[in-house]
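As a plain string of letters, each chain reads:
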Amino acid sequence: MLEPDFFARDVVSVARALIGVRLAVAGVGGTIVETEAYHHEDPASHSFNGRTQRNAAMFGPPGRAYVYRSYGIHWCLNFVCEAEGSGSAVLLRAIEPEAGLEEMRDRRWRADTRLRCAGPGRLTQSLGVTGSMDGLALDAAPFALLPAAGPGEIVAGPRIGISRAIDLPWRFGLAGSRFLSRPFGRAQRGQVAPA
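To keep things clear, this report deals only with the structure shown in the data block. Quick caveat: nothing in here was measured; it's all calculated off a predicted structure. (Residues numbered from 1 in each chain as written. Predicted model: local features only at pLDDT ≥ 70, side-chain atom pairs only at ≥ 80, totals over all residues. Heavy atoms only, no water.)

**Description of the overall build of the protein**
A tally of regular secondary structure across the protein gives four helices and eight strands. Listing each helix as α and each strand as β along the protein from the N terminus yields α-β-β-β-β-β-α-α-β-β-β-α. Here the protein has a C-alpha radius of gyration of 15 Å; the compact-globule value for 195 residues is 16 Å, and the two agree. Overall, the C-alpha framework of the protein stretches about 40 × 40 × 30 Å when taken along its three principal axes. Residues classed as buried in the protein amount to 49% of the 195 residues present. (Helix = DSSP H or I, 4+ residues; strand = E, 2+ residues; numbered from the N terminus. Rg over C-alpha atoms; globule rule 2.2 N^0.38 Å. Buried < 20%, exposed > 50% of the residue type's maximum accessible area, 1.4 Å probe, protein only.)

Here it is in structure tokens:
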């Protein structure tokens, strides 16, 4: 099980280190294959303009969930990083579905297995993540996070769906995974994220 100390370091390092980690929410989950880092000094981060009721969990202790609704439609799951009060978090973009496939199918019956958890909204719907989980500790139920056994090659590139700080290569993915929310571009595939 990953301890809170895993998250108590710079958010970009955590975003990279999460590739290959196994995540389950109430027993439903799989291997994390795509993440994005959001630092408190990053203008694309929810915390950039300070603490609000919506982003309060981002300023809590490391190793907590930050769950918010995107565009009033989908929940998004983030892991709070760095020191308490920092306001930095990692957005989970995709996992490879492995456990609880029947529950995932019931929650996202239209999606084939490859797309079931490919994208932040699909991921949370398939795993049953809701706003009620905002602020919960990641080292206790319903969450379970198991260390990576060796994730293989990790690629980096620009984040998706933002209009600020678009040049930062803070999106990380498992090279060659068919479960990514979006493939990394040809130029990005050559950018191996440093350890």
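**Thoughts on the environment of Gly20**
Note that Gly20 resides in the loop between helix H1 (11-17) and strand S1 (22-25). With 22 residues separating them in the primary sequence, Gly20 and Asp42 have C-alpha atoms 25 Å apart.

**With respect to the pattern of salt bridges**
Counted under the stated rule, the structure contains five salt bridges. For Glu34, the salt bridge is made with Arg171, and the minimal N-O distance between the two is 2.7 Å. Taken together, the positions of Glu34 in strand S2 (residues 28-38) and Arg171 in strand S8 (residues 171-174) put the pair 137 residues apart, joining distant regions of the chain. For the pair Glu34 and Arg171, a shared accessibility class is recorded, and that class is buried. Across the salt bridge formed by Glu36 and Arg93, the nearest N and O atoms sit 3.9 Å from each other. Of the two residues, Glu36 is situated in strand S2 and Arg93 in strand S5 (residues 88-99); the sequence distance between them amounts to 57 residues. (Salt bridge = Lys/Arg side-chain N within 4 Å of Asp/Glu carboxyl O.)

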